[in-house]
Structures are given as structure tokens and as C-alpha cells.
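Summary of the model geometry
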Amino acid sequence: MTGVPASAAGGSSQAKGVGAADVSAAGPGAVDPSAAVGPATAAGGSPDVGDAEAQGAAGRGPRGGKLAAAAVNQASVWNIANLLTMLRLILVPGFVALMLADGGYDPAWRSLAWAAFAIAMITDLFDGHLARTYNLVTDFGKIADPIADKAIMGAALICLSALGDLPWWVTIVILGRELGITLMRFLVIRYGVIPASRGGKLKTLTQGVAVGMYVLALTGWLATLRWWVMAAAVVLTVVTGLDYVRQAIVLRRQGIAERRAASEETEA
């Protein structure tokens, strides 16, 4: 969560330090050390204006800084990235209701369900990017974002398997991999963070396209095409999952070795 920079809250004390240093260098006849040199004085302007600004900032700095920090902390949860994540969570029950409406085989309801699924996938692309680009990363987002991702994908896969459109083993493989990798990340986070790979991003994209094609009531060659897209998604799911396991093992070994080395240095 973002807060007010330390330089803003402590600006008045730094200004006083600068003023004292200048007075001591100028000699006994200089201005009172308690007067701070303002920005206007440094630029060649009137020292009275700079002193007034510095003294005003000193008078309201600490209280204003605390209030600003509290305002930023309070508002940070409601940033655009978190709002998109919340929207994705809200869409999950709506998607399920649309998917199962009228027995789950009405093309019109399935089209509406696809629209909800597509919106959820699109927001997934943007919320993380916005959070990183504009420094909107919060503890809520770290927890809610992966939950929202797994919720919408899991709901779609379970609905498709329950309706008989997708084999249950495909749903089990994909969801088992997603939940397993998420748990593994938490287990090795003490040693470091496993970064998202290009293969993982391609897997997410392929899964989204494949599931979206299954949500739609497609026929003919499009129904055949979606089978191949889903097959590619399953292969990528398994391959990238094994790669994450390998990275976790390497990361854990490196972390243990570094801790052991640090412990030996401390004892020596």
C-alpha cells in the first residue's frame, strides 16, 4: 500500500538543517538559525517569502503528513485495479446462473454466459498491469486477484463438465494444476518468488480461449477446432506445471544453501 514519502513528512526539519548550516558558514552576523531557507531564496528570490513558506510547512507538516498518509491508505484499496478484481469476483455467480439457465443448452443464454466470461478474462489482463504500472499493488489485490482468476476458470470448467460438454478428467487436470501450483508458491515464498513465465502466460491465454469456445454453443468445424485448442491448453497446463515444480525445487535448494552459508559465517 502506498503512503506519503518520508521526504514530504520531514521536509520542514530538512529545511531547518539547511538554514542552520548556511548561518554558521556566514558568521556571527547572520540571520537567526531558526529561520529556514525557502525555495525562493535558493532561486534568488526574497528570503522573507521562503522563510514564511518553510515556517508554514513546519507548522502543519507532521499533522498534514499523517492525515495525507491515512487518506492514501484508506483510498488505496478502492483503486481501479482492485475494482476490476472485485468485478471479476461478482461476475462468477452471474456467469454460473447464465450458464445453467434453461437447462444449460440454450444458445442465447450460453452467449450471455460467454460475454460474462470474456469480460472476466479481459479484466484479468488489465488489473495486474494497472497495479504494477501505477503502483496500486495492495495486500487485498495480492490475495483477491488469484482467487478471482481461479474462481471464474473453475466455475466455467465445472459447469461444462456438469453439462457433459467437457470430460471431467480435463477439469480435474487443469484445476488440480492451478491449485497445486498456487499452494506450492506459498510454501516456497520464504525462499523467494517464482516469476510468471512466458509459457505460463501462454497457458492462461490458451485456457481462456478454449474454455470460451466451449461455453459457446459451437457446431461443425468450430466444434472440432475448440477440441484441438483445449488439447493444446491441457498440454501447456501440464508442461508449465512441471516447470514450476522444477523451479520451486531449485529455489528451495538455493535458499537452504544460502541460509546454511550465512549461519556458518555467523558462527565463524
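What counts and what doesn't
Residues numbered from 1 in each chain as written. Predicted model: local features only at pLDDT ≥ 70, side-chain atom pairs only at ≥ 80, totals over all residues. Heavy atoms only, no water. 1 Å grid on protein atoms, 1.4 Å probe; cavity = no way out; pocket = protein on both sides within 12 Å on 5 of 7 lines; lining within 4 Å. Points joined across faces, edges and corners; volume = space filled by probe spheres on them. Helix = DSSP H or I, 4+ residues; strand = E, 2+ residues; numbered from the N terminus. Nonpolar A, V, L, I, M, F, W, Y, C, P; charged D, E, K, R; others polar. Core = buried A, V, L, I, M, F, W, Y, C linked by side-chain atoms within 4.5 Å. Buried < 20%, exposed > 50% of the residue type's maximum accessible area, 1.4 Å probe, protein only. Expected span 1.5 Å × (residues − 1). Patch = residues over 30% accessible without salt bridge, like charges linked within 9 Å, V, L, I, M, F, W, Y side chains within 5 Å. Areas by Shrake-Rupley, 256 points an atom, 1.4 Å probe, with all protein chains shown as cover. Salt bridge = Lys/Arg side-chain N within 4 Å of Asp/Glu carboxyl O. Phe/Tyr/Trp six-rings, centres within 6.5 Å; stacked < 30°, edge-to-face > 60°. Lys NZ or Arg CZ within 6 Å of the ring centre and 35° of its normal. Axes fitted to C-alpha atoms, helices over the stretch in contact; angles between N-to-C directions. Parallel < 35°, antiparallel > 145°, perpendicular 65-115°, else oblique. Left-handed = near helix turned anticlockwise from the far one by under 90°. Contact = heavy atoms within 4.5 Å.

Let's shift gears to the layout of surface pockets. Counted as a void, the largest pocket has a volume near 1800 Å³. Lining the largest pocket are 46 residues, and of these Arg132, Asp145, Pro146, Asp149 and Ala196 sit closest to its centre. Mapped onto the lining of the largest pocket, the elements with two or more residues apiece are helix 5 (80-100), helix 6 (107-133), helix 7 (139-162), helix 8 (168-188) and helix 9 (198-215). A per-element tally of the lining of the largest pocket places helix 7 first, with 10 residues. A class-by-class count of the residues in the lining of the largest pocket yields 21 nonpolar, 13 polar and 12 charged.

Bringing the environment of leucine 205 into the picture now. Turning to its location among the elements, leucine 205 is positioned in helix 9. Note: C-alpha distance between leucine 205 and methionine 121 (84 residues apart in sequence) is 8.9 Å.

This next bit is on the nonpolar core. Ranked by size, the top nonpolar core spans 30 residues in total, and within it Phe95, Met99, Phe117, Val211 and Met230 carry the most contacts. Among the elements of the structure, helix 5, helix 6, helix 7, helix 8, helix 9 and helix 10 (221-267) are those that each provide at least two residues to this core. In terms of residue count, the dominant contributor to this core is helix 7 (seven residues). Counting residues in hydrophobic clusters, the runner-up holds eight residues, among them Met184, Tyr191, Ile194 and Tyr244.

A few words now on helix 7. For helix 7, spanning 24 residues, the distance from its first C-alpha to its last is 35 Å, which sits close to the expected 34 Å at 1.5 Å a residue. Positive backbone phi, at 85°, marks glycine 164, one or two positions downstream of helix 7.

Further remarks concern a nonpolar patch on the surface. Taken together, the side chains of Trp78, Ile80 and Leu83 make up a nonpolar region of the molecular surface, amounting to roughly 330 Å² of accessible area. Relative to the elements of secondary structure, tryptophan 78 occurs in the loop between helix 4 (47-76) and helix 5.

Attention now goes to the pattern of salt bridges. A complete count under the given rule lists eight salt bridges for this structure. Of the charged contacts, one joins arginine 88 and aspartate 145 as a salt bridge, the two residues approaching to 2.7 Å between their closest N and O atoms. Of the two residues, arginine 88 is situated in helix 5 and aspartate 145 in helix 7; the sequence distance between them amounts to 57 residues. Three or more residues are tied together by salt bridges with common partners; here these are Arg88, Asp124, Asp127, Asp145 and Asp149.

Turning our eyes to something else, we now look at the environment of tyrosine 214. Within the element layout of this structure, tyrosine 214 appears in helix 9. The spatial distance from the C-alpha of tyrosine 214 to the C-alpha of alanine 156 is 9.2 Å, given a sequence separation of 58 residues.

A word on the packing of aromatic side chains. Under the definition given, this model contains two aromatic pairs. A centroid spacing of 6.0 Å and a plane angle of 45° characterise the contact between phenylalanine 95 and phenylalanine 117, whose relative ring orientation is tilted. Pair noted here: phenylalanine 95 is in helix 5 and phenylalanine 117 is in helix 6, with a separation of 22 residues, a long-range link. Among the residues examined, phenylalanine 117 registers a relative accessible area of 2% and is labelled buried. Directly above the aromatic system of tyrosine 214 lies the positively charged group of arginine 226, at a separation of 4.5 Å from the ring centroid.

Most peptide bonds adopt trans geometry, and most residues besides glycine take a negative phi value. Not every positive phi belongs to a glycine, and aspartate 102 is a case in point at roughly 55°. Checked against the element boundaries, aspartate 102 lands in the loop between helix 5 and helix 6. Since its relative accessible area comes to 56%, aspartate 102 is described here as exposed. Despite not being glycine, asparagine 135 shows a phi value in the positive range, around 55°.

Contact geometry for helix 5 and helix 7: axes closest at 9 Å, N-to-C directions at 15°. When the axes of helix 5 and helix 7 are compared, the pair comes out roughly parallel. Like other packed secondary-structure pairs, helix 5 and helix 7 cross with a definite hand, here left-handed. Looking at the contact of helix 5 with helix 7 residue by residue, the classes come out as 17 nonpolar, three polar and three charged.

On to the packing of helix 9 against helix 10. The interhelical angle for the contact between helix 9 and helix 10, taken along N-to-C directions, is 150°, at an axis separation of 8 Å. Judged by the angle between their axes, helix 9 and helix 10 are roughly antiparallel. Between helix 9 and helix 10 the crossing geometry is left-handed. Residues Gly199, Gly200, Leu202, Lys203, Thr206, Gln207, Val209, Ala210, Val211, Met213 and Tyr214 of helix 9 form the contact with helix 10, whose own contacting residues are Leu222, Leu225, Arg226, Trp227, Val229, Met230, Ala232, Ala233, Leu236, Thr237, Thr240 and Tyr244. Each residue belonging to the contact of helix 9 with helix 10 can be placed in one class, and the counts come to 15 nonpolar, six polar and two charged.

Shape is all these values report; function is a separate question.
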